[in-house]
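Here is how the chains run, residue by residue.
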Amino acid sequence: MPPLRTSLVELPITRARKHTPRYIATSPILASPAPGVRRIEDSSKAPFNSLGLLVDGQTGTATTAFLVGPDTIMTAGHCLYRPELGDRTRNFYFALEYSRQQGGLWSRVRSAASLWGWTELRDHHYDLAIARLDKVYDKPLLALPLLGYQPGPECTVVGYVSGGAQLWQAQCHDLNWNSRGARVSASMSEGCSGGPWLQRRGRGFVSVGLTSQGSDDFLVSPAWGRGVQELLGWAHR
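Predicted model, so just to flag it, every value in this text is computed and none were measured.

## Focus: the pairing of strand E12 (residues 181–184)
Note that strand E11 (residues 176–178) and E12 share 3 bridges and pair antiparallel. For Trp-177, the partnering residue across the bridge sits in E12 and is Ala-182. Where E11 folds back onto E12 in an antiparallel hairpin, the turn is made up of 2 residues. Where E12 meets strand E16 (residues 219–221), 3 bridges bridge the pair, whose relative direction is antiparallel. Residue pairing for E16: Ala-182 is matched across the bridge by Ser-221.

Pasting the structure below:
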């Protein structure tokens, strides 16, 4: 009997030797990547100060991740694990509050886990990962909803569009959830993978999904339930 698709898989991660990556593969900063997508001018303000740039130490490829614990980030599974690379060991860096002008607060990924449904089946409904860092941040964390939470249709999608050093956001009004994931209308592009989908809850924010894949006019989030709880349990053990 095969494992459950939400079963944990520890990823072949090794901590990088250097404290910052050799380079970041970024695109030119655009005036706006698409209609309705706006630049975030100050990444040090909540809730954006919980986000950062996730950089592959070998390729410099940049995606998005966000704090869910003082030394723990969540992102899309494909940002940390590519099934076509198999068990090849890789290393990653994370820069909280990153911007091209001010840099960021750098740390290194020391361990990570994803879900069997992603690593073995390449099923984007399980395209989730969590990572522990070698630095503890005294910064706000993004809350994650409990099982059974029913999000409304409004959310803000955030990410480093086109793998660049600039954070962008898009307001969405048609968040649609089902048992296998969620979808919104938004024209964000490569690089925003792993970026959270934010909703207000009281005075704070909760991440009700994250960007896994999309096209010119919509984005898709993996299922946001048992798999998230499994990953959090791994990080807290």
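## Concerning the environment of Pro-47
Looking at the secondary structure, you find Pro-47 in the loop between strand E2 (37–39) and strand E3 (51–56). Residue Pro-47 is classed as buried on the basis of its relative accessible area of 8%. Once residues lying within four places of it in the same chain are set aside, the contact partners of Pro-47 are Leu-142, Leu-198 and Phe-205.

## Points about the sheet that holds strand E13 (residues 196–201)
Strands pair in a sheet through their backbones, by hydrogen bonds, and they do so in one of two ways: parallel or antiparallel. Strand order in the open sheet formed by 5 strands is E2-E10-E9-E13-E14, with antiparallel pairing between adjacent strands. This sheet does not close on itself; its edge strands, each paired only once, are E2 and strand E14 (204–210). Between one strand axis and the next, the sheet turns by 35° as a mean value, whatever way the strands run. Looking at chain direction, strand E9 (residues 155–159) and strand E10 (residues 168–172) are connected through 5 bridges and run antiparallel. Of the residues in E10, the one forming a bridge with Cys-155 is Cys-172.

Cut-offs used in this document
Residues numbered from 1 in each chain as written. Predicted model: local features only at pLDDT ≥ 70, side-chain atom pairs only at ≥ 80, totals over all residues. Heavy atoms only, no water. Pairing = 2+ DSSP bridges. Helix = DSSP H or I, 4+ residues; strand = E, 2+ residues; numbered from the N terminus. Buried < 20%, exposed > 50% of the residue type's maximum accessible area, 1.4 Å probe, protein only. Contact = heavy atoms within 4.5 Å. Axes fitted to C-alpha atoms, helices over the stretch in contact; angles between N-to-C directions.

On their own, these measurements won't tell you what the molecule is for.
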